[in-house]
Every structure is written in C-alpha cells, then in structure tokens.
Amino acid sequence: MSESILAAEPAIRLAAFLGVLVAMALWELAAPRRRREIPRVIRWTNNLGLVVVDTAILRLTFPIIAVGLAAMAEERGWGLLNNIDAPFWVAVVVSMLLLDLMIYLQHVMFHTIPGLWRLHRMHHADLDFDATTGLRFHPVEILISMGIKLAVVAVLGPPAVAVLLFEVILNATALFNHANIDLPRPVDRVLRLFVVTPDMHRVHHSIDPRETNSNYGFNLPWWDRLLGTYIAQPTKGHEGMEIGIEQFRTRRDLWLDRMLIQPLRGPASGHALDPQNTKKEPTE
Ligand SMILES: [Zn+2]
Ligand SMILES: [Zn+2]
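Throughout, a residue's number is its position along its own chain's written sequence, starting from 1. Naming scheme: in the order in which they are written, chains are lettered from A and ligands are numbered from 1. For a predicted model such as this one, the threshold for reporting local features is a pLDDT of at least 70, and the threshold for listing and counting side-chain atom pairs is 80 or more; totals across whole chains, interfaces and linings nevertheless cover every residue.

Digging into the overall build of the chain
Piece 1. Elements are defined by DSSP. Helices are runs of H or I of four residues or more, strands are runs of E of two residues or more, and each kind is numbered from the N terminus. Counting its regular elements, the chain contains 14 helices and zero strands.
Piece 2. Of the regular secondary structure in the chain, the N- to C-terminal order runs α-α-α-α-α-α-α-α-α-α-α-α-α-α.
Piece 3. For a compact globule the rule gives 2.2 Å times the number of residues to the power 0.38, and the radius of gyration it is set against comes from C-alpha atoms. For 284 residues, the compact-globule formula gives about 19 Å, and the C-alpha radius of gyration of the chain, at 19 Å, lands near that figure.
Piece 4. Overall, the chain is about 60 × 40 × 40 Å in size when its C-alpha atoms are taken along their principal axes.
Piece 5. To assign burial, the other C-beta atoms lying within 10 Å of each residue's own C-beta are counted, with C-beta atoms placed from the backbone; 20 or more indicates buried, 12 or fewer indicates exposed, and intermediate counts indicate partly exposed. Taking all 284 residues of the chain together, the buried fraction comes to 37%.

Topic: helix 6 (residues 139–156)
Piece 1. Here the expected span of a helix is defined as 1.5 Å times the quantity of residues minus one. Between the first and last C-alpha of helix 6 there are 25 Å, a value that for 18 residues agrees with the 26 Å anticipated at 1.5 Å per step.
Piece 2. Where helix 6 is buried, its residues contact helix 2 (40–61), helix 3 (66–76), helix 4 (88–112), helix 5 (114–124) and helix 7 (160–177).
Piece 3. One or two steps after helix 6, the chain reaches Gly157, where phi turns positive at roughly 65 degrees. Throughout, a pair of residues is in contact if the C-beta atoms placed from their backbones lie within 7 Å.

Comments concerning the UniProt feature "domain: Fatty acid hydroxylase" (unreviewed entry) in the chain
Piece 1. Mapped onto the present numbering, the UniProt feature "domain: Fatty acid hydroxylase" (unreviewed entry) falls at residues 93–229.
Piece 2. As a span, residues 93–229 carries 66% helix and 0% strand, and end to end its C-alpha atoms are 24 Å apart. UniProt positions are given in the numbering used here, feature names are shortened, and annotations may be inferred rather than shown by experiment.

A few points about the environment of Leu264
Piece 1. By the element assignment, Leu264 lies in the loop between helix 13 (256–261) and helix 14 (276–279).
Piece 2. By the C-beta count within 10 Å, which is 7 here, Leu264 ends up exposed.
Piece 3. Taking C-alpha positions, Leu264 is 26 Å from His178, a pair spaced 86 residues apart along the chain.

Digging into the UniProt feature "transmembrane region" (unreviewed entry) in the chain
Piece 1. Per the UniProt record, "transmembrane region" (unreviewed entry) is annotated on residues 12–30, 51–74, 86–105 and 150–176.
Piece 2. With 83% helix and 0% strand, residues 51–74 has its two end C-alpha atoms placed 30 Å apart.
Piece 3. In residues 150–176, the share of helix is 89% and the share of strand is 0%. The end C-alpha atoms are 25 Å apart.

A closer look at unusual backbone geometry
Piece 1. Residues other than glycine seldom take positive phi values, yet Asn215 does so here, at roughly 45 degrees.
Piece 2. Tracing the backbone through its elements, the reader meets Asn215 in the loop between helix 10 (209–212) and helix 11 (222–227).
Piece 3. In this structure, Phe248 is a non-glycine residue whose phi angle is positive, near 55 degrees.
Piece 4. Counting through the fold element by element, Phe248 comes out in the loop between helix 12 (237–240) and helix 13.
Piece 5. When the 20 C-beta atoms within 10 Å are taken as the criterion, Phe248 is described as buried.

Details of helix 3
Piece 1. Buried within helix 3 we find Ala66, Val67, Leu69, Ala70, Ala71 and Ala73.
Piece 2. Phi for Gly77, located one or two positions after helix 3, is positive at around 70 degrees.

Overview of the nonpolar core
Piece 1. Among buried residues, those of type Ala, Val, Leu, Ile, Met, Phe, Trp, Tyr and Cys that are joined through C-beta atoms within 7 Å form a set called a nonpolar core. Ranked by internal contacts, the top residues of the largest apolar core, which has 35 residues, are Met24, Val67, Ala70, Val153, Val163 and Leu175.
Piece 2. Every element with two or more residues in this core is listed here: helix 1 (2–30), helix 3, helix 4, helix 6, helix 7 and helix 9 (198–204).
Piece 3. With eight residues, the top contributor of residues to this core is helix 7.
Piece 4. Setting aside anything within four residues of it in sequence, one finds Val67 in contact with Ile5, Leu6, Glu9, Ala160, Val163 and Leu164.
Piece 5. With 15 residues, the next largest nonpolar core counts Leu119, Met122, Met241 and Ile243 among its residues.

Re the packing of helix 4 against helix 6
Piece 1. The contact between helix 4 and helix 6 brings their axes to 11 Å, and the two run at 145 degrees. Here the hand of the crossing between helix 4 and helix 6 comes out right-handed. Contact with helix 4, carried on its side by Ser95, Leu98, Leu99, Met102, Gln106 and Phe110, involves Glu141, Ser145, Ile148, Val152 and Leu156 of helix 6 and no other residues of that element. Each axis is a line fitted through C-alpha atoms, taken for helices only over the stretch in contact, and angles between the N-to-C directions span 0 to 180 degrees. Crossing chirality is assigned from the near helix's rotation relative to the far helix, an anticlockwise turn below a right angle marking it left-handed and a clockwise turn marking it right-handed.

Here it is in structure tokens:
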C-alpha cells in the first residue's frame, strides 16, 4: 500500500495545493476582510517564486522526505507505532495529533530562540496577509522543519498515509488560515473551536510583539488554548491592526532576493524573549 501512496504523492500534493490556492484567491476577491496595502502582483510573484525556490532546495537537500521515511519505517519496523499492536485508525489519529503538536512546539521555538527567529520572521515580514503569506517561509526554516519532522517520524513510526494526510491538510489549512477572507463572525466563532481560522491566525501577524508571539497553531487551535498562548482578537481590531513586524517595511523588502538575505540583516529584535517587547505599548 505504501508504494502506491508514494507513487501518487506528488500528484495529490500538487492538486490539493493548486485547488485550495485558486479557491482562496477567488474567495479573497469575492469577500475580502481587509483592504490591500500592496499591489497583488508584487507579493504574489515573489511569494510564489519563493515556493519554487523552497521546493527545489528541499528536494536537492533531502533524498527522502517525511512520507518516504514513514513508508520505509513501516516496512522495516522502525519507530514506536510500528512496534505496538495499535489499530490502524488509532495509529493514524495519534500520528496526526502528535505531528500537529510537534509543528506547534516547533513554531514556538522559532519565535523564542533569536537565531531561529531571524529565519522565521521572514514569514511575519509580509506587509499584507493573504493566502500566499501562508507559503512564505525561508528555505533554511523549511530544511530545519523537515529535519525535525524526519526525526519525529523515525521515532514515532507513523503510517505513511497519516504523514501524507497531515502534510496535505497542513498545506491546505495554511492557505486557508492566511486567506484575506471575511468569514461571518458566528461561523468563525464555531469554526475556531476545531481549526485555526484566518481571524485567529491574523493576530499572529500583528506588528504588536505580544500578538506576534501568540496563536502559534497552524491546524488545530487546541494547543494555544491548552498551553496559554491564545489571544482571541487583535487589540486594534482586524481592520485597524498593522500587519508585519517593525523591521523590513519597504516594498523592496517584499522581493525574493531580499527575503532570502533577510535573516542576516538587522538585529533579531521582537522574538518572544526580547525584553523590549513589554516596553512597547501599542502606540495610539
Ligand atoms: Zn510565527
Ligand atoms: Zn502565518
């Protein structure tokens, strides 16, 4: 079974990615939540260009990625779940939950360690918030994430199908929860009990460091609520809040070449442990 999954993997990924991206783009046109500050052409060209760079670097660096390793572990009996007698569906659910918790913890770590924040802040330096923001990650962050994920897969031994499902869902939810779409408030209120909504994740893209360092979840909203990093709404409201971080606020900073060298520029301020954060009252 795992061989057919591996064969179908690229097609499943691409179809889900393009399908959700087009759906979100149309939804953003039909019912935008916020006014755009930056012309779409600058951000979309560079954010999508970054996806191409990221994918190429990832493929060149890792000969095997998470689904492949999970299939291999299944075959050879590596990892916890391949050595206990759990029903298949239990193994799938447990794996997906643990992978999501791992992504949450990793996100907290990228906000907390200054050197890692230098990589991850590029995701936050986008000056608008739409579906393509969900794709904006520095290639070195992508490589580190994959290294961590491979280690987790090796230890946990999840079913390959669970890893594939998790990655496809994460890709789709990242496009969804960054989308500039206006969900009716009652829908948002119910939906965010089960999945991270755009209004919940937009708080994470606020320029106010206390809000930047909150709502770390990408899929499930429960980790933030359980572990005390949840902020329901931005202080200035969704229309009034500023998107981005203090640094890198020019249009030139949105270009692909500037994104790639951004980790080397300026101080690593604004990370979760920066003592300056508490001093910065939101300016009125
Ligand atoms: Zn973040
Ligand atoms: Zn984000």
